[in-house]
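# Reading the structure
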Amino acid sequence: MSLSTYAAAQLIRALPRVRLSRAVGRLCERELPPPLSGPLLRAYCRAYGVNLEEAEPAPGGYPSFDAFFTRTLRDGARNVSADVLVSPADGLLSSAGRVDPGARLFVKNQPYEVSELTGDPQDAPRYSGGEFAVVYLAPGDYHRVHSPVEGSLKFVRKIPGDLYPVNRIGERYVPQLFVRNSRVVFPIETQGLGRVTAIMVGAVIVGRITATGLDFPDVPPGEHVFSEPRGLGRGDEIGIFHLGSTVVLLLEPGISIPRPLGKIRYGESLLRSG
């Protein structure tokens with residue numbers, strides 16, 4: 001471990017992460033003065049490799065950083081695969097593998113209990129022997145999250161928690177990172193694949209997660225039941241990160257994820273190489 005990495009890990013532990021994220025969130029939602037907006041956003045695009053050509057045009061520019069972070073895509077900017085399982089987000093497929101017989105998965109050598117990830121102990125048996133995948137969203141990625149399967153969504157569940165950074169330092173030096181952080185759980189019922197659960201994991205500066213179809217800018221803690229189950233096609237939007245973070249997918253036994261790790265875009269198949 002380098003001195004700089006050790007120092008960064010200690011700083012992360014010392015920071016008031018939740019308060020900092022809320023403060024930055026409020027700042028990002030403030031209106032940007034037009035003379036400042038263009039230069040700032042162009043600098044951000046250069047720094048993080050943002051491709052605004054694929055974004056839906058914003059006449060008059062983006063009124064705030066939050067509007068920029070949560071931008072939508074042009075029609076046709078993504079092709080959703082006809083395969084039954086697709087990526088829920090743009091980003092990096094950073095980990096994938098088998099859920100062990102004890103309903104645990106291992107990410108960067110750290111064990112995670114399915115029941116803790118989903119907030120429901122009854123979920124553990126259904127995923128024992130199944131598969132998982134982790135998609136990490138970088139600051140320059142498109143920040144909306146989409147359904148990886150065709151199915152229906154009856155409710156979403158918000159599990160409050162801390163807001164450690166979800167990056168290499170956080171994954172290595174924060175034990176049980178994914179279950180310590182705040183997260184929103186989307187259990188999607190399908191024909192043929194059982195329940196496919198997508199978990200949006202919050203992170204420092206990503207204190208707010210919006211669930212599409214719920215009338216809250218940030219999902220409140222607890223379980224929120226839709227008045228009617230929400231029908232979903234592959235690639236339909238389910239949520240928004242107000243910045244970037246990580247999505248964890250859980251699959252019941254019967255399907256595997258052969259796609260190699262690496263860059264991926266939402267709608268691309270998880271069942272083939274590209």
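Below is a short write-up of the structure. Residue positions are given per chain, counting from 1 as you read along its sequence in written order. The predicted nature of this model means local features are confined to residues of pLDDT at least 70 and side-chain atom pairs, given and counted, to a pLDDT of 80 or more, with totals for whole chains, interfaces and linings taken over all residues. Excluded from the side-chain calculations are hydrogens and water; all other atoms, namely the structure's heavy atoms, are used.

### Here we look at the sheet that holds strand β5 (residues 144-146)
Pairing between two strands is assigned when DSSP locates at least 2 bridges connecting them. A run of DSSP states H or I qualifies as a helix once it reaches four residues; a run of E qualifies as a strand once it reaches two. Both are numbered from the N-terminal end. Sheet architecture is open: 3 strands sit in the order β5-β11-β9, paired in antiparallel fashion. Either end of the sheet is taken by a strand with one partner, and the two such strands are β5 and β9 (209-211). On average, adjacent strands in this sheet sit at an angle of 20 degrees to one another, irrespective of strand direction. Bridging between β9 and strand β11 (residues 237-241) involves 3 bridges; their strand directions are antiparallel. Pairing of A211 across the sheet is with G239, part of β11. Each axis is a line fitted through C-alpha atoms, and for a helix only the stretch in contact is used; angles between axes span 0 to 180 degrees, taken between their N-to-C directions.

### Quick look at the pattern of salt bridges
Working definition: two side chains of opposite charge can pair if their charged atoms are close together. One speaks of a salt bridge when a side-chain nitrogen belonging to Lys or Arg is within 4 Å of a carboxyl oxygen belonging to Asp or Glu. Per the counting criterion, the structure on display carries 17 salt bridges. A salt bridge links D120 to R157; the nearest nitrogen and oxygen atoms lie 4.0 Å apart. Placement of the pair is D120 in the loop between α5 (114-118) and α6 (124-127) and R157 in strand β6 (residues 151-159), with a sequence separation of 37 residues. Looking at D120, the relative accessible area reads 17%, which means it is buried. Partly exposed describes any residue whose relative accessible area lies between the buried limit of under 20% and the exposed limit of over 50%, with all areas from a 1.4 Å probe on protein chains only and scaled to the type maximum. According to the relative accessible area criterion, R157 is buried, its value standing at 10%. When salt bridges with common partners are traced through the structure, they connect D123, R126, E189, R195 and E252 into a single cluster.

### Topic: the sheet that holds strand β7 (residues 183-189)
With antiparallel pairing, 8 strands are arranged side by side in an open sheet as β10-β6-β7-β8-β12-β4-β1-β13. Of all the strands in the sheet, just β10 (222-232) and β13 (262-264) have a single pairing partner and so form its edges. Ignoring which end each strand starts from, the neighbouring axes of this sheet average 25 degrees apart. Direction of pairing for strand β1 (residues 91-98) relative to strand β4 (residues 131-136): antiparallel, over a ladder of 6 bridges. Within the sheet, the bridge partner assigned to G97 lies in β4 and is F132.

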